[in-house]
Amino acid sequence: DRTSDVIEMVSGLAFGLPIEEVLIADFSEQILDCSVIGVSGGTGKGQQPIAVVKLQSGVNISNIGEFLEKVNKVLSDRQLVSLKAIVVAREPKDFPTGVTGKVLKRELRTCHARLLMSVSEMAHL
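Since the model is a prediction, treat every value here as computed from it, not as a measurement.

All right, on to the overall build of the chain then. Check the secondary structure of the chain and you find four helices and five strands. Secondary structure elements in the chain, listed N-terminal to C-terminal, are β-β-α-β-β-α-β-α-α. Contacts in the chain between residues at least 24 apart in sequence constitute 60% of all its contacts with a sequence separation of at least 6. Total accessible area computed for the chain in this model is approximately 7700 Å², and 51% of it derives from carbon and sulfur atoms.

Okay, structure coming up:
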């Protein structure tokens, strides 16, 4: 059951697993674990990929915008879609897992569903 790993973008389908593999492999000094999910892009059409990351112990990313740029450069070099945002999971509840230890992506999608919406778009809900 990998349907939760499919991100339905306006430009086509994207898959979270290859992006997760790159993040964990290429940014292992910073990222302990991650999950890539699709959330509304705020336009009402399609989803945008975001990553929810658990950082290595003692790591603090002071400028998330610069880190996102660095990550997206690596993803682009690998011909993968760019992330729209990175969210740092600071507490266990921010990175929910089931009894088997697998990340509960449906909970992450629910939690971050409005992340990319503007204030005016949220006012219309």
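Looking now at the pattern of salt bridges. Evaluation of the coordinates by the stated rule reveals five salt bridges. Measuring nitrogen to oxygen at the nearest pair gives 2.9 Å for the salt bridge that ties Asp77 to Lys73. A residue pair is termed a helical-turn pair when its members lie 3 or 4 positions apart in one helix, as Asp77 and Lys73 do in helix α2 (residues 64–77) at four residues. Asp77 gets classed as exposed once you look at its relative accessible area, which sits at 53%.

Moving on to the pairing of strand β3 (residues 31–40). For β3, the buried fraction is high: seven of the ten residues fall into the buried class. Examined bridge by bridge, β3 and strand β4 (residues 47–55) share nine bridges and lie antiparallel to one another. What sits directly across from Cys34, in β4, is Val53.

Here the focus is unusual backbone geometry. Located in the positive-phi region is Gln79, a residue other than glycine, with phi close to 60 degrees. As for its position among the elements, Gln79 is in the loop between α2 and β5 (85–88). We classify Gln79 as exposed; its relative accessible area is 74%.

Looking now at the packing of helix α1 (residues 16–26) against α2. Where α1 contacts α2, the axes come no closer than 11 Å and their chain directions differ by 120 degrees. What the angle tells us is that α1 and α2 run oblique. With respect to the hand of their crossing, α1 and α2 are arranged in right-handed fashion. Within the contact between the two elements, α1 uses Ile19, Val22, Leu23 and Asp26 and α2 uses Val71, Val74 and Leu75. Within the contact of α1 with α2, the residues separate by chemical class into six nonpolar, no polar and one charged.

In this section: the sheet that holds β5. Within the open sheet, the three strands sit side by side as β3-β4-β5. Their pairing is mixed. At either margin of the open sheet sits one strand with a lone partner, and together these are β3 and β5. When strand polarity is set aside, the average angle formed by the axes of neighbouring strands in this sheet is 25 degrees. Note: β4 against β5, four bridges, orientation parallel. Opposite Ala51, over in β5, you have Ile86 as the bridge partner. Contacts from α1 reach β3 and β4 within the one sheet, and its direction differs from that of β3 by about 150 degrees. On top of the sheet, α2 reaches β3 and β5; it is set at about 125 degrees to β5, its chief contact.

Summary statistics for the chain give a mean pLDDT of 89 and a share of 89% for residues scoring 70 or more. Within the chain, α2 carries the highest mean pLDDT (98), whereas helix α4 (residues 119–123) carries the lowest (43). Here residues 119–125 scores under 50 on pLDDT; set against residues more than four positions off or in separate chains, the count is seven contacts.

Basis of the calculations
All chains use their own residue numbering, which begins from 1 and follows the written sequence. Confidence filtering applies because this is a predicted model: local features only for residues at pLDDT of at least 70, side-chain atom pairs given and counted only at 80 or more, and all residues used for totals across whole chains, interfaces and linings. Just so you know, side-chain values use all the structure's heavy atoms and leave hydrogens and water out. Numbering goes from the N terminus for both helices and strands, where a helix is a DSSP run of H or I of at least four residues and a strand is a run of E of at least two. Whether two residues are in contact is decided by their heavy atoms: any pair within 4.5 Å suffices. For the area figures, the Shrake-Rupley method with a 1.4 Å probe applies, and any residue is considered shielded solely by the protein chains shown. By definition here, a salt bridge exists when the distance from a side-chain nitrogen of Lys or Arg to a carboxyl oxygen of Asp or Glu is within 4 Å. Partly exposed residues are those whose accessible area sits between 20% and 50% of the maximum for their type, while under 20% is buried and over 50% is exposed, using a 1.4 Å probe and protein chains only. Should DSSP find at least two bridges between two strands, the strands are taken to pair. Between N-to-C directions, angles cover 0 to 180 degrees, with each direction set by a line fitted to C-alpha atoms, over the stretch in contact for helices. For classification purposes, an angle smaller than 35 degrees is called roughly parallel, one larger than 145 roughly antiparallel, one from 65 to 115 roughly perpendicular, and anything else oblique. Should the near helix be turned counterclockwise from the far one by less than a right angle, the crossing is left-handed, whereas a clockwise turn marks it as right-handed. Following the grouping adopted for this structure description, the nonpolar residues are Ala, Val, Leu, Ile, Met, Phe, Trp, Tyr, Cys and Pro, the charged ones are Asp, Glu, Lys and Arg, and the polar ones are all others, Gly among them. Confidence of the predictor in every single residue is expressed as pLDDT, which spans 0 to 100.

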